[in-house]
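# A look at the structure
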Amino acid sequence: MRVFVVYCHPSNNSFTYAIKEAFVKGLEDAGHSYVVSDLYADGFNPVMSEEEYIRESFYQAEKTISEDVRKEQLKIDNADAVVFIYPDFWTASPAMLEGWFQRVWTYGYAYGNERTMKTLEKAMFLITMGGSLNDDIRKEQLEAMKVVMVGDRIRDRAGKVEVYAFDEMTRGYGNDENRVRRIDEFSKKAYELAKNIENGDK
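What counts and what doesn't
Throughout, residues of each chain are indexed from 1 in the direction in which the sequence is written. Totals for whole chains, interfaces and linings use all residues, but because this is a predicted model, local features are given only for residues with pLDDT of at least 70 and pairs of side-chain atoms are given and counted only at 80 or more. Hydrogen atoms and water are omitted, and side-chain values are computed over all heavy atoms in the structure. Runs of E in the DSSP output that reach at least two residues are strands. Runs of H or I that reach at least four are helices, and both are numbered from the N terminus. Only the C-alpha atoms count toward the radius of gyration. The rule for a globule is 2.2 Å times the residue count to the power 0.38. Note on definitions: a residue-residue contact is assigned when non-hydrogen atoms from the two residues lie within 4.5 Å. Accessible areas in this description were obtained via Shrake-Rupley with a 1.4 Å probe; residue shielding takes into account the shown protein chains only. The charge count includes Lys and Arg as positive and Asp and Glu as negative, but it does not include His or the ends of the chains. One atom stands in for each charge, and that atom is NZ of Lys, CZ of Arg, CG of Asp or CD of Glu. Residues are said to line a cavity or pocket when one of their atoms sits within 4 Å of a point; the points come from a 1 Å grid over protein atoms alone, cavities being sets where a 1.4 Å probe fits but cannot get out and pockets being open sets with protein on both sides within 12 Å along at least five of seven lines. Grid points are joined across faces, edges and corners, and a volume is the space filled by probe spheres set on the points. In the scheme used here, Gly and all other residues not listed as nonpolar or charged are polar, with Ala, Val, Leu, Ile, Met, Phe, Trp, Tyr, Cys and Pro taken as nonpolar and Asp, Glu, Lys and Arg as charged. When DSSP finds two or more bridges between two strands, those strands count as paired. Crossover handedness is defined here as right-handed if the route from the first strand over the helix to the second strand goes clockwise, with the strands pointing away from the viewer. To obtain each axis, a line is fitted to C-alpha atoms, and for helices this fit is confined to the stretch in contact; angles are then taken between N-to-C directions over 0 to 180 degrees. Aromatic pairs are defined between Phe, Tyr and Trp rings, using the six-membered ring for Trp, whenever the two ring centres lie within 6.5 Å; interplanar angles under 30 degrees are classed as stacked, those over 60 as edge-to-face, and all others as tilted. Geometrically, a charge over a ring is one whose NZ (Lys) or CZ (Arg) sits within 6 Å of the ring centre while staying within 35 degrees of the ring normal.

This part takes up the overall build of the protein chain. Looking only at helices and strands, one finds seven helices and five strands in the protein chain. Taken over the C-alpha trace, the protein chain has a radius of gyration of 17 Å; the compact-globule value for 202 residues is 17 Å, and the two agree within 12%. The principal-axis extent of the C-alpha atoms belonging to the protein chain is close to 55 × 35 × 30 Å. For the protein chain, contacts bridging at least 24 residues in sequence account for 79% of all contacts bridging at least 6. For the protein chain, the accessible surface area stands at approximately 10,200 Å², while carbon and sulfur atoms represent 48% of it. Looking at the protein chain, you have 27 positive and 35 negative side-chain charges, and the mean spots of the two groups are 3 Å apart.

This next bit is on the layout of surface pockets. Taken as a whole, the largest pocket spans an internal volume of roughly 440 Å³. Around the largest pocket, the lining comprises 19 residues; the ones closest to its centre are Asp88, Phe89, Thr128, Met129 and Gly130. Among the elements of the structure, helix H1 (15–30) and helix H6 (136–154) are those that each provide at least two residues to the lining of the largest pocket. Broken down by class, the residue content of the lining of the largest pocket amounts to six nonpolar, nine polar and four charged.

What follows is about the pairing of strand S2 (residues 33–38). Both faces of the sheet carry side chains from a regular strand, because those side chains alternate between them. As paired elements, strand S1 (residues 2–7) and S2 share six bridges and run parallel to each other. Counterpart to Val6 in the pairing with S2 is Ser37. Read from S1 through H1 to S2, the crossover connection turns out right-handed.

Paired through their backbone hydrogen bonds, the strands of a sheet run either parallel or antiparallel. Taken together, the five strands give an open sheet; going across it, the order is S2-S1-S3-S4-S5, and neighbouring strands pair in parallel fashion. Unpaired on one side and paired on the other, S2 and strand S5 (158–166) mark the two borders of the sheet. Between one strand axis and the next, the sheet turns by 15 degrees as a mean value, whatever way the strands run. Relative to strand S4 (residues 120–128), strand S3 (residues 81–87) runs parallel, the two sharing seven bridges. Along S4, the bridge assignment pairs Ala81 with Lys122. Packed onto the sheet, helix H5 (residues 95–104) meets S1 and S3 and runs at close to 150 degrees relative to S3.

Moving on to the packing of aromatic side chains. Following the criterion strictly, the structure yields 13 aromatic pairs and no others. Put simply, the rings of Phe4, Phe84, Trp100, Phe101, Trp105 and Phe125 touch in pairs and so form one group of aromatic residues. Over the aromatic face of Tyr7 sits the side chain of Lys20, whose NZ or CZ is 5.2 Å from the ring centroid.

What follows is the structure in structure tokens.
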């Protein structure tokens, strides 16, 4: 399977980075081809320009798309699956990924009566969280994120969508030993998800 990984985290000194590395290793070991957009390392510009706003708000599909945006769209065109790996920042993805969607999901490509974006076989979200999904508020926050990511941004743009949340990853608060255990557990989970991406969670 051809996999496009959209990775978004400002630091390699993070659990999210470990998840990305484990996932990529799983893809490699299973013989899947892949490409990674590391939004921070690549210096992706998340800020929509006025020209881009005019193009989108007036539905002017004939207007040129920025080269950096077109490169991301080509990665989608050449993929069977897209995987988003990022942390939960205040019940949302980092601003960099928010801007990625706002700029890459262009009119005529990702939406509109004659959109050209392919329907991917699968979209997957690997979300890291500091809090615990044993808490009702965290469960509600995860469901809210699913409404945005799955219900709005993916919707019918992929045949299948899977969401995985890796929780209790906060530093301190008496969680350090638990965090170490869960880093190992969740890294193995990410690795297996990558190896079995064609068939789903096992």
